[in-house]
Amino acid sequence: IGTGATAVHEGRVAFAAPFAGFGVLVIVDHGGSAFTLYGHLSEATVTEGAVLKAGDMVGRVGLAPAGAAALYFEVRIDGRPVDPARWLAARN
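First, a word on what this report is: a plain description of the structure on this page. (Residues numbered from 1 in each chain as written. Predicted model: local features only at pLDDT ≥ 70, side-chain atom pairs only at ≥ 80, totals over all residues. Heavy atoms only, no water.)

### Side note on the overall build of the chain
At step 1: The number of helices and strands found in the chain is 1 helix and 9 strands.
At step 2: Ordered by position from the N terminus, the helices and strands of the chain form the series β-β-β-β-β-β-β-β-β-α.
At step 3: Relative to a compact globule of 92 residues, whose C-alpha radius of gyration would be 12 Å, the chain shows 12 Å and is just as compact.
At step 4: Considering only C-alpha atoms, the chain reaches an extent of 35 × 25 × 20 Å along its principal axes.
At step 5: For the chain, the proportion of its 92 residues judged to be buried stands at 32%.
At step 6: Of the contacts made within the chain by residues no fewer than 6 positions apart, 51% connect residues no fewer than 24 positions apart. (Helix = DSSP H or I, 4+ residues; strand = E, 2+ residues; numbered from the N terminus. Rg over C-alpha atoms; globule rule 2.2 N^0.38 Å. Buried < 20%, exposed > 50% of the residue type's maximum accessible area, 1.4 Å probe, protein only. Contact = heavy atoms within 4.5 Å.)

Have a look at this one:
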């Protein structure tokens, strides 16, 4: 709990607020219909519209609904979730 969660790629913050089931949720728009989602945050350290570089902190890890410390991470392309390992490997 409290560990910083960082953006995996540059982009613009599209959403940073509480969201039902996800605690505080940050969504980063990377362009080309690609988004990353960071949920179960105890707080967001960014605001909507902020421009981020890879490695910039988006928030602090909080608790999942079950009560354990957790970070929800998702990659969406064209509105569909994709395997983040494959997506990240293609950009490293």
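Now that the structure has been shown, we can carry on.
### A word on the nonpolar core
At step 1: In terms of nonpolar packing, the biggest core is built from 12 residues, these being Ala 5, Ala 7, Val 13, Ala 16, Val 24, Val 26, Val 28, Tyr 38, Leu 41, Val 46, Leu 52 and Val 58.
At step 2: Put simply, the parts of the chain that give this core at least two residues each are strand 2 (11–19), strand 3 (23–31) and strand 4 (34–44).
At step 3: The greatest single-element share of this core, amounting to 3 residues, is contributed by strand 3.
At step 4: Other than its neighbours up to four places away in sequence, Val 24 contacts Ala 17, Pro 18, Tyr 38, Gly 39, His 40, Leu 41, Ser 42, Glu 43 and Ala 44. (Core = buried A, V, L, I, M, F, W, Y, C linked by side-chain atoms within 4.5 Å.)

### Looking at the pattern of salt bridges
At step 1: Applying the stated criterion across every chain yields a total of 2 salt bridges.
At step 2: Glu 43 is the salt-bridge partner of Arg 60, the closest N and O atoms lying 3.4 Å from each other. With a gap of 17 residues between them, Arg 60 in strand 6 (residues 57–63) and Glu 43 in strand 4 connect regions that are remote in the sequence.
At step 3: Looking at Glu 43, the relative accessible area reads 36%, which means it is partly exposed. (Salt bridge = Lys/Arg side-chain N within 4 Å of Asp/Glu carboxyl O.)

### Looking at the packing of aromatic side chains
At step 1: What the rule picks out here adds up to 4 aromatic pairs.
At step 2: Ring geometry for Phe 19 and Phe 22: centres 5.9 Å apart, planes at 50°, overall tilted.
At step 3: Taking relative accessible area as the criterion, Phe 22 reaches 23% and is therefore assigned partly exposed.
At step 4: With a centroid separation of 4.9 Å and 70° between ring planes, the pair formed by Phe 22 and Tyr 72 is classed as edge-to-face. (Phe/Tyr/Trp six-rings, centres within 6.5 Å; stacked < 30°, edge-to-face > 60°.)

### Re the environment of Ala 50
At step 1: Looking at the secondary structure, you find Ala 50 in the loop between strand 4 and strand 5 (51–52).
At step 2: Given a relative accessible area of 22%, Ala 50 falls into the partly exposed group.
At step 3: It is 8.5 Å that separates the C-alpha atoms of Ala 50 and Gly 11, two residues lying 39 residues apart in sequence.

### Some thoughts on the side chain of Thr 36
At step 1: By the element assignment, Thr 36 lies in strand 4.
At step 2: At 2.7 Å, the side chain of Thr 36 and the side chain of His 30 are in polar contact. (Polar contact = N/O pair within 3.5 Å; in protein donor to acceptor, adjacent residues only side chain to side chain.)

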